[in-house]
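An overview of the molecular structure
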Amino acid sequence: MKITKIDLLLSKPVEDGWTPPLCRVYTDEGIYGDGEVALSYGGASHAAFGMLQDLAKRLIGMNPLEHEVIWQKLYQNCFWGRNGGPIVFGGISAFDIALWDIKGKVYHAPVYELLGGKHQNSLRAYASQLQNGWSENRKPARLPEDYAKEAKTAVEKGFDAVKINFLTFREDAGRYAAAEQTAFLSPQYMKIAEARIAAVREAVGPDVDIILENHCYTDAQSAVQFGNMAKKYGILYFEEPTTPHPDQLSYVHRETGLPVASGERIYSRWQFQPFFQKEAIQVIQPDLGTCGGITEVKKICDMAYMHEVGVQIHVCGSPIITAASLHMECAIPNFVIHEYNVNTMMPHMRALGVYDYQPVDGKYTVPNLPGIGNEISDAAFKNSKIVTIE
């Protein structure tokens, strides 16, 4: 079997201007596989699409079942692969996911079987980024009652865990500046944030987990200040309290006692290793679409298991990356919870996949179809810029 052709897609903007970069890898036996770079937002999608074009020509003529051989070729033959970041590893990721999709179709097996089988039949999920609102016509939460409303809506939909950034939006309009979230938070800022957290806790009751999301906006000092205030409200974990650095994250964990989660901006096993060595992260969040794909993330999850660290795959993209992530999560023993981002429930994003997997009562089931169990839709092909490599 050989790779004969690759279609590269850059979707037209969907929710919030996201433009998912996707790929389809074809073989000489009529089997194809789909993948995705999880950089549809944040100002990197066009760079990711360019990376796919740079790497794709290296796959033509190779055996798609030799995913380890291909992974090493893409990694070693790109000068920027060593200590690479999201662009290089994102390109490798998309192709690697597509290769696993092909492998599953060849062997008539879902990817989770190829990874060793399911450790759990259903996956607990949390409602993510509720500060942005929960509807097609959503608007940012600003007042405590806004946060309470969004959290209560998620619970009514069956979720028993929510994730919110309580420090993003001002009460009247706009966002807090980065300078206001570093060094130390002002007493007024702390009062506003606490009122929001308290309102959410009161709205959802004592049995719903709350995850603090900070997007690295706080530094080590303000993160400790904020975490120590928030922990009395029952926090499951504290996500990206600082820039991903092992010394800073271990400091926040030590000074607050809260489990720290991070990983969406950490790439490859080499970059994760010092975080494990310094016990800096208690829940890792690698993204299949930026961290090297299924091949690399499985290695990272195994490293985490050795250090008794939990795993929550970072999921923030189209139905393609969601399906692949479900396979990974069910196939590891240290799975914690699945991220259900509010954008993944929006209609234009959901239309990018043939199948629309959604949680029921706050839990996902894993696709049983061969491969990743999803494909890029015809609508996505019609509404994308396409480059073909042969």
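In case you missed it, the structure is sitting above this.
An account of the accompanying structure is given in this report. All figures in this text were calculated on a predicted structure; none of them were measured in a lab.

Rules and cut-offs
- Residues numbered from 1 in each chain as written.
- Predicted model: local features only at pLDDT ≥ 70, side-chain atom pairs only at ≥ 80, totals over all residues.
- Heavy atoms only, no water.
- Disulfide = S-S within 2.5 Å.
- Buried < 20%, exposed > 50% of the residue type's maximum accessible area, 1.4 Å probe, protein only.
- Helix = DSSP H or I, 4+ residues; strand = E, 2+ residues; numbered from the N terminus.
- Expected span 1.5 Å × (residues − 1).
- Axes fitted to C-alpha atoms, helices over the stretch in contact; angles between N-to-C directions.
- Left-handed = near helix turned anticlockwise from the far one by under 90°.
- Contact = heavy atoms within 4.5 Å.
- Nonpolar A, V, L, I, M, F, W, Y, C, P; charged D, E, K, R; others polar.
- Pairing = 2+ DSSP bridges.
- Patch = residues over 30% accessible without salt bridge, like charges linked within 9 Å, V, L, I, M, F, W, Y side chains within 5 Å.
- Areas by Shrake-Rupley, 256 points an atom, 1.4 Å probe, with all protein chains shown as cover.
- Salt bridge = Lys/Arg side-chain N within 4 Å of Asp/Glu carboxyl O.
- Arc of directions from axis to C-beta.
- Phe/Tyr/Trp six-rings, centres within 6.5 Å; stacked < 30°, edge-to-face > 60°.
- Lys NZ or Arg CZ within 6 Å of the ring centre and 35° of its normal.

For the rest of this paragraph, the subject is the state of the cysteines. In a disulfide, the sulfur atoms of two cysteines are held together by a covalent bond. Across all of its chains, the model carries 0 disulfides by this definition. Sulfur of Cys301: no disulfide; nearest cysteine sulfur belongs to Cys291 and is 8.9 Å away. On the basis of relative accessible area, Cys301 is assigned to the buried category, the value being 1%.

Right, let's get into helix H3 (residues 86-106). Its 21 residues place the ends of H3 29 Å apart at the C-alpha level, agreeing with the 30 Å of an ideal helix rising 1.5 Å per residue. Extensive coverage of H3 is indicated by the burial of 18 of its 21 residues. Directly after H3, the chain includes His108, whose backbone phi takes a positive value near 55°.

Running from amino to carboxyl end, helix H1 (residues 45-56) crosses H3 at an angle of 60°, the nearest separation of the two axes being 9 Å. For the pair H1 and H3, the crossing hand works out as right-handed. Contacts from Ala47, Ala48, Met51, Leu52, Leu55 and Ala56 in H1 reach Ile87, Val88, Gly91, Ile92, Ala94 and Phe95 in H3. A per-class count over the contact of H1 with H3 returns 11 nonpolar, 1 polar and no charged.

To continue, consider the pairing of strand E1 (residues 3-11). Put simply, side chains in a regular strand alternate between the two faces of the sheet. Counting buried positions over the 9 residues of E1 gives 7, a clear majority of the element. Of the pairings in the sheet, the one linking E1 to strand E2 (residues 21-27) comprises 7 bridges and is antiparallel in character. Paired with Ile6 across the two strands is Val25, which belongs to E2. Bridge analysis of E1 against strand E13 (residues 384-389) gives 6 bridges, and the strand direction is antiparallel.

Turning next to the sheet that holds E13. The strands making up a sheet associate through backbone hydrogen bonding, with each pair oriented either parallel or antiparallel. Spatial ordering of the open sheet is given by E3-E2-E1-E13, a layout of 4 strands whose pairing is antiparallel. Because the sheet does not close on itself, it has two edges, and the strands there are strand E3 (32-36) and E13. For this sheet, the mean angle separating the axes of adjacent strands, direction not counted, is 20°. Each of E1, E2 and E3 is contacted by H3, which is oriented at about 150° to E3, the strand it contacts most.

Together, Val354, Tyr355 and Leu369 make up a nonpolar patch on the protein surface, roughly 250 Å² of accessible area in all. Topologically, Leu369 is positioned in the loop between strand E12 (363-365) and helix H13 (378-382).

Its 13 residues give helix H5 (residues 144-156) an end-to-end C-alpha distance of 18 Å, which sits within 8% of 18 Å, the value for a rise of 1.5 Å per residue. Taken together, the buried positions of H5 are Tyr147, Ala148, Glu150, Ala151 and Ala154. Considered in projection along H5, the buried side chains sweep an arc of 165° and stay on one side of the axis. Pointing more than 90 degrees away from the buried face of H5 are the exposed residues Glu145, Lys149 and Glu156. On its buried side, H5 packs onto strand E4 (122-128), strand E5 (161-164) and helix H6 (187-204). Of the residues flanking the end of H5, it is Gly158, one or two places downstream, whose phi is positive at about 110°.

Let us now look at the side chain of Ser325. Mapped onto the fold, Ser325 is located in helix H11 (residues 319-330). Residue contacts for Ser325: discarding those within four places in its chain leaves Leu288, Ile313 and Val315.

Attention now moves to the packing of aromatic side chains. Summed over all chains, the structure comprises 16 aromatic pairs. For the ring pair Phe79 and Trp80, a centre distance of 4.9 Å and an interplane angle of 85° mean the geometry is edge-to-face. Since its relative accessible area comes to 69%, Phe79 is described here as exposed. Taking relative accessible area as the criterion, Trp80 reaches 61% and is therefore assigned exposed. A centroid spacing of 4.0 Å and a plane angle of 25° characterise the contact between Tyr176 and Tyr189, whose relative ring orientation is stacked. Residue Tyr176 is located in the loop between E5 and H6, and its partner Tyr189 is located in helix H6; the two are separated by 13 residues in the primary sequence. Each member of the pair, Tyr176 together with Tyr189, is buried. A cation over an aromatic ring shows up here: Lys5 above the ring of Tyr26, its NZ or CZ 4.5 Å from the ring centre. It is Arg269 that lies over the ring of Trp71; its NZ or CZ is 5.5 Å from the centre.

Unusually for a residue other than glycine, Gln129 sits at a positive phi of about 65°. On the secondary structure map, Gln129 appears in the loop between E4 and H5. Given a relative accessible area of 7%, Gln129 falls into the buried group. In the Ramachandran plot, Glu279 falls in the positive-phi region, its phi being about 50° despite a non-glycine side chain. Secondary-structure assignment places Glu279 in the loop between helix H9 (268-277) and strand E9 (283-284).

Nothing here speaks to function; it is geometry throughout.
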